[in-house]
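Chain by chain, the residues run as shown.
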Amino acid sequence: MESYYVTTPIYYVNDEPHLGHIYTTIAADVLARYQRMSGRDVFFLTGVDEHGQKVQQAAEARGIEPIELADQVVERYQTLWPDLAISNDDFIRTSSERHKSGVQAMWRRLENAGAIYKDFYEDWYCVPCETYWTETQLKDAERWDNKHCPDCDRAVEKVQEESYFFRLSAYQDRLIDYINAHPDFIAPASRRNEVLRFVESGLNDLSVSRTTFSWGVPVPGDEKHVIYVWIDALTNYLSALGFPDQELPKHWPADVHLIGKDILRFHAIYWPCMLMAADLPLPGRIFAHGWWTVEGEKMSKSKGNALRPADLLAQYDADVIRYFLLREVPFGQDGDFSFTAMKQRYNSELANDVGNLLNRSLAMLNKYRDGVLGEPGDEQGLDRALIADVEGMQRDVAAHMDKQAFHLALERISLVVRHGNRYVEENAPWALAKAGDDARLNTVLYHLVETLRLVALQLLPFMPGKMASMLGQIQGEALQQELSFSAHGGWGLLKAGHQCAKPQPIFPRME
Ligand code: ME8
């Protein structure tokens, strides 16, 4: 079976889960579910990033050990993910032994390849961003005084210490060649160009160890040094698979690393160069999505306005949240979250379109046929157009999912739902019933139910709970088995004589 490996970033434990974290994880989950249904051997990884100065400081501020802080936040993530129907296959913690041995093995590989050397470091460090800046970079930044982080504008600290370095500069040309030879390696295209320009402007070697704090993985053989948190964090994608015990684990390389645009440089520059140095294959794609603002404002810890998943779940079903986040904003672009927009989309696309088609179709099937499908008669043009649209949807959704274009996939499914509602109007089953045209009525009801079933199958990765209940009303018992596109995606699976349930509204209108 073909492997499919999808990852989320590992989230820092110095913050609580918020909208941004659930966004990436939901997107990864939808991909994982879609690929499972496509028959691939999926490994879906998420987890937490526990090390580094930021976490150590956050723990100190609370008067607890870093590991206690990490345990508390891990608990939150681990109860949150099932609430959002996240089907991750593993959850990696960077404080775990399996991860630490993976990181140390990676370090040794880089060292053996001659990609690491010891020197002195004198530079500027931004603690919140965990980023080192050179004088030149600071001078280029907006502030004239040269003492503020070009990314977050907070004060940077001057640091001078003994440090190990990774020869990032040595991989610059290879990385440029690789990106040029693999146009889909970094997505969306605008991000790819941004990375290319950055790499072409020249890469400096990277300081990859610290002696100023201890909460991290020690450098093998030189324990007063802690491995830089990004070398540590990025290696999670391999350590979770059993690296180094399994030299090339079966799911490596990853098919796609989903990340937010804030951490693009680490994933699209540092990580590929590390892998080249370690002589390991590179991931298939790094997809950087955009950022959410909430009701027009940037979420920030200082403002305390981060949207908490619990506040969302108090008002909306997990499936509706999943649908909205992936439908509202083209994946890759920035967007704004608002409760008004969410309610509008819910009412128009889920209640009025999907819910309505399901309710009216099953209601008519129950009214005219006691819920039992009749033998469909000769196909007419309207029927053939509907089937063609359903089959076109399946092909188009597959193509969109290959590109992580969730919004386009959902839009395409929406077209079929609206087509279904139009088909009801055009065929007016109530008139056929009145006229006693049994053959045509059977055909129309059959086409409606098959359309609904195949729409639900496409929507299943997005809204697993709601669609299971939709399919349950249509298919009943048959739902007990694992659904796949190859076994259940063909038109005509339901046979005459099949009993459907009475309609149960799955998307009641919100006032
Ligand atoms: O960066 N909109 O962890 P982190 C959309 N530990 N997505 C957002 C967001 C927003 N406003 N805010 C955050 C780290 N995110 C590192 C990663 S990976 C080897 C190490 C999401 O807890 C987005 O996916 O700061 C972003 O990349 C991630 O949260 C950052 O999470």
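Residues numbered from 1 in each chain as written. Predicted model: local features only at pLDDT ≥ 70, side-chain atom pairs only at ≥ 80, totals over all residues. Heavy atoms only, no water.

Pairing is possible between side chains of opposite charge, provided their charged atoms come close. Under the definition given, this model contains 32 salt bridges. Here Lys 158 makes a salt bridge to Glu 122, at a shortest N to O gap of 3.7 Å. Residue Lys 158 is found in strand β6 (residues 157–166), and its partner Glu 122 is found in strand β4 (residues 116–126); the two are separated by 36 residues along the sequence. What makes Lys 158 partly exposed here is its relative accessible area of 47%. A residue is classified by how much of its surface remains accessible, and Glu 122, at 46% relative accessible area, is partly exposed. Residues Glu 349 and Arg 345 are paired through a salt bridge, measuring 2.6 Å at the closest nitrogen-oxygen approach. Of this pair, Glu 349 and Arg 345 are both found in helix α13 (residues 339–369), four residues apart, which corresponds to roughly one turn of the helix. (Salt bridge = Lys/Arg side-chain N within 4 Å of Asp/Glu carboxyl O. Helix = DSSP H or I, 4+ residues; strand = E, 2+ residues; numbered from the N terminus. Buried < 20%, exposed > 50% of the residue type's maximum accessible area, 1.4 Å probe, protein only.)

So, on to the sheet that holds β6. Reading across from one edge, β5-β4-β6-β8 is the order of the four strands in this open sheet, with antiparallel pairing throughout. The open sheet has two free edges, formed respectively by β5 (131–133) and β8 (206–207), since each of these has just one partner strand. Relative to β5, β4 is paired through three bridges, and the arrangement is antiparallel. When the bridges of β5 are listed, Tyr 125 appears paired with Tyr 132. (Pairing = 2+ DSSP bridges.)

Next up on the list: the domain arrangement of the protein chain. Interface size, as often reported, equals the accessible area lost upon joining of the parts. For the protein chain, the domain assignment lists domain 1 (3–289) and domain 2 (339–488). Relative placement of domain 1 and domain 2: their C-alpha centres are 43 Å apart. Across the domain 1/domain 2 interface, buried area totals approximately 1,300 Å², and carbon plus sulfur atoms make up 69% of it. On the domain 1 side of the interface with domain 2, the three residues burying the most area are Val 30, Tyr 34 and Met 37, jointly 55% of the side's total. The interface formed by domain 1 and domain 2 holds zero salt bridges in total. On inspection of domain 1 and its partner domain 2, the count reaches four residue pairs in polar contact (both at pLDDT 80 or more). Secondary structure elements with two or more residues in the side of domain 1 that touches domain 2: α1 (19–37), β12 (256–260) and β13 (285–289). Here the element with the most residues in the side of domain 1 that touches domain 2 is α1; it accounts for seven residues. (Domains from an automatic or database assignment. Buried area = accessible area lost by both parts, 1.4 Å probe. Polar contact = N/O pair within 3.5 Å; in protein donor to acceptor, adjacent residues only side chain to side chain.)

For the rest of this paragraph, the subject is the state of the cysteines. The final tally for this structure, using the stated rule, is zero disulfides. In this structure Cys 129 is a free cysteine whose sulfur lies 3.8 Å from that of Cys 152, the closest cysteine sulfur available. (Disulfide = S-S within 2.5 Å.)

Another aspect to go through is the nonpolar core. Ranked by size, the top nonpolar core spans 104 residues in total, and within it Leu 19, Ile 22, Leu 325, Leu 326, Phe 337 and Phe 507 carry the most contacts. Among the elements that make up this core, the one with the highest residue count is helix α17 (residues 438–459) (twelve residues). Mapped onto the domain boundaries, this core takes at least three residues apiece from domain 1 (3–289) and domain 2 (339–488). When sequence neighbours within four positions are dropped, the list of residues in contact with Ile 22 reads Leu 80, Trp 81, Leu 84, Pro 309, Leu 312, Ile 321 and Leu 325. (Core = buried A, V, L, I, M, F, W, Y, C linked by side-chain atoms within 4.5 Å. Contact = heavy atoms within 4.5 Å.)

Let us now look at the side chain of Thr 131. Along the chain, the position of Thr 131 falls in strand β5. Judged by its relative accessible area of 5%, Thr 131 is buried. A distance of 2.8 Å separates the side chain of Thr 131 from the backbone oxygen of Cys 129, its partner in a polar contact. Apart from residues no more than four positions distant in its own chain, Thr 131 is found in contact with Trp 124, Tyr 125, Cys 126, Arg 265 and Phe 266.

Helix length check: α17 (22 residues) gives 31 Å between terminal C-alpha atoms against 32 Å at 1.5 Å per residue, within 8%. By the criterion of burial, α17 is predominantly enclosed, with 20 of the 22 residues buried. (Expected span 1.5 Å × (residues − 1).)

This next bit is on the site of the ligand. The immediate surroundings of the ligand are formed by 23 residues, with Ile 10, Tyr 12, Thr 24, Asp 49 and Trp 292 found nearest. Between an oxygen atom of the ligand and a side-chain N or O atom of His 21, the distance comes to 3.4 Å. In the model, a nitrogen atom of the ligand is placed 2.7 Å from a nitrogen or oxygen of the Asp 49 side chain. Relative to its free-state accessible area of 670 Å², the ligand is covered by the protein chains to the extent of 94%. Sorting the residues of the shell around the ligand by element identifies β1 (3–12), α1, α8 (229–234) and α9 (236–239) as the ones contributing at least two each. The residue inventory of the shell around the ligand, partitioned by class, reads twelve nonpolar, nine polar and two charged. (Near = heavy atom within 4 Å. Areas by Shrake-Rupley, 256 points an atom, 1.4 Å probe, with all protein chains shown as cover. Nonpolar A, V, L, I, M, F, W, Y, C, P; charged D, E, K, R; others polar.)

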